[in-house]
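Now for the letters of each chain:
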There are 2 protein chains.
Amino acid sequence: MSSDDSFLRRAVAVLTAFRADDDGLGAAELARRSGLPKSTAHRIALDLVEAGLLERQGSRVRLGLRLFEIGQRVPRQRVLRDAAVPYMSDLREATRQTVHLAVLEGAEVVYVEILGSPGGPPMPSKVGGRLPAHVTGVGKAILAFSPPEVVRTVMDAGLVRATGRSVTAPGLLARELETIRAEGVAYDREESGNGIVCAASPVLGPEGEALGALSVSGWSTGMRLAAVAPAVHTAALTLSRTLG
Amino acid sequence: MSSDDSFLRRAVAVLTAFRADDDGLGAAELARRSGLPKSTAHRIALDLVEAGLLERQGSRVRLGLRLFEIGQRVPRQRVLRDAAVPYMSDLREATRQTVHLAVLEGAEVVYVEILGSPGGPPMPSKVGGRLPAHVTGVGKAILAFSPPEVVRTVMDAGLVRATGRSVTAPGLLARELETIRAEGVAYDREESGNGIVCAASPVLGPEGEALGALSVSGWSTGMRLAAVAPAVHTAALTLSRTLG
DNA sequence: GCGGGCGTCCCGCACGGTGGGACGCTTCTC
DNA sequence: GAGAAGCGTCCCACCGTGCGGGACGCCCGC
């Protein structure tokens, strides 16, 4: 984070200084978060406004709508999302639970689309948000069908704990990934959040590479994993075929 | 478009060279679309890769997932979308038609969320996409509750035609906006796309300013505007109240 | 009334962006 | 199979512009 060189890195540091539920930020706060000198952060913010990426609101500044428009064109999420949404909709209809679509980025998953269900548990996941791959169903489903160096990246990043049941031992995770590879379904039994369970299945591309994963999540007391697992698996297989 | 000054404007020109359904672009194509010299476009693209906004795929380059993450944090769409989705879902359930949520940006509307309906018509709208405000129901709904200078911006931009029924006369549009202001509902009778009709209602903030609009759209032959209008109006009023 | 934090702006120095052009490569066409 | 046309990549001498410490006036809370 701190003070990188190149103009663009600094500009990106200002953009990424905005967190998930910030509205407008001032120059001082921007400087603090980006690690840039105050006058530099301020000048870059004004440049970003002029470039159309940030918007002014009074003396503060916030992320501009143009960034949203550009973000919707990102191929990694767009092609997957457009193809997946109908199947996700069916999956929610059939299971009456919350449906997730996510992709892997480094050692974390990024949620691309979420179809919520009324009465479902509050999820730690948000569209555009990140969670460590190894504590989520979607993450483990993707990892099980990814090359060894990708799995290595995750383990090297450190298997941090989210709940008391999170898998934090590398050997244990490796064995679980083998089981997932054999079954085609990954499970999360209160490993990402207390009281929340989830069944996930990978979305595979033409060459068998993992593009992302689908999952169904709900209360541990109100959802039977054995019942939803075949549904998720089927939806993921069908979706994978349509991408071929 | 062509060759603006400042580094950031050039970088943004490269980012906006990517269109809605592009995947990867090469250096020459990037230079052509951004109006930059080839070697400049190429170098900036490499800088953007290093900054994490673009991703390499072979010798080509595409929009990176980080842009999607940042885009999801943009307040103008996030707060509106998060508050609106439950009501949009109810609206689709009740009407069995396609539901739109959009905001105004300059002389155009930007679609923030779309809940499609099976069997519905193919829409010219996409999430993150733009359409001229005056040819859409959501656009007219927002304009009717916006200050005069905003309406002026739209008229000055030129009232281009989308279909044979699009409103292109400034006086006619002004009169229609008055009717909308009185009724609280705007209509689009095949003005944006042939065979497509739509009823829309504005989402208003605490001071009565238009933050965006909700709409319900469907085939002109399969949807009765008089039946869906009260539903959209009610949903928009309820949503407006929750934002207060 | 006072102090701390804020947004804003200035300005001389030096550093890094600029882009025409060259190079080697692939892909068609004749 | 020769040629042309397009591509991605890289170099380098010039010069424009980003840099940030510091100063200023302001608003707020103690």
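These numbers come from a predicted model, not from an experiment. (Residues numbered from 1 in each chain as written. Chains lettered and ligands numbered in written order. Predicted model: local features only at pLDDT ≥ 70, side-chain atom pairs only at ≥ 80, totals over all residues.)

### Some thoughts on helix α6 (residues 137-144) of chain A
Spelled out, the test is: Three exposure classes are used. Buried residues have 20 or more other C-beta atoms within 10 Å of their own C-beta, exposed residues have 12 or fewer, and partly exposed residues fall in between, all C-beta atoms being placed from the backbone. Strands are runs of DSSP state E lasting at least 2 residues, helices are runs of H or I lasting at least 4, and numbering of each runs from the N terminus.
Across the eight residues that make up α6(A), a large majority, eight, are buried. Turning to α6(A), its buried residues are G137(A), V138(A), G139(A), K140(A), A141(A), I142(A), L143(A) and A144(A).

### A look at the sheet that holds strand β4 (residues 108-115) of chain B
Residue and element names in this part refer to chain B. Worth spelling out the cut-off: In this scheme, strands are said to pair when DSSP sees at least two bridges between them. Throughout, an axis means a line fitted to C-alpha atoms (over the contacting stretch in the case of helices), and angles, computed between N-to-C directions, take values from 0 to 180 degrees. By the convention adopted here, residues are in contact when the distance between their C-beta atoms, placed from the backbone, does not exceed 7 Å.
With antiparallel pairing, six strands are arranged side by side in an open sheet as β5-β4-β3-β8-β7-β6. Two strands close off the open sheet at either side, each with one partner strand: β5 (130-132) and β6 (186-189). On average, adjacent strands in this sheet sit at an angle of 30° to one another, irrespective of strand direction. By the bridge criterion, four bridges tie β6 to strand β7 (residues 196-204) in an arrangement that is antiparallel. Bridge pairing in β7 places R189 opposite V197. The strands that helix α6 (residues 137-144) touches are β3 (98-105), β4, β6, β7 and β8 (210-219); relative to β7, the one it contacts most, it runs at about 35°.

### Quick notes on the sheet that holds strand β3 (residues 98-105) of chain A
Residue and element names in this part refer to chain A. Strand order across the open sheet formed by six strands is β5-β4-β3-β8-β7-β6, with antiparallel pairing between neighbours. One side of each edge strand has no neighbouring strand; the edge strands of this open sheet are β5 (130-132) and β6 (186-189). On average, adjacent strands in this sheet sit at an angle of 30° to one another, irrespective of strand direction. Pairing of β3 with strand β4 (residues 108-115) involves seven bridges; the strand directions are antiparallel. Bridged to A102 within β4 is Y111.

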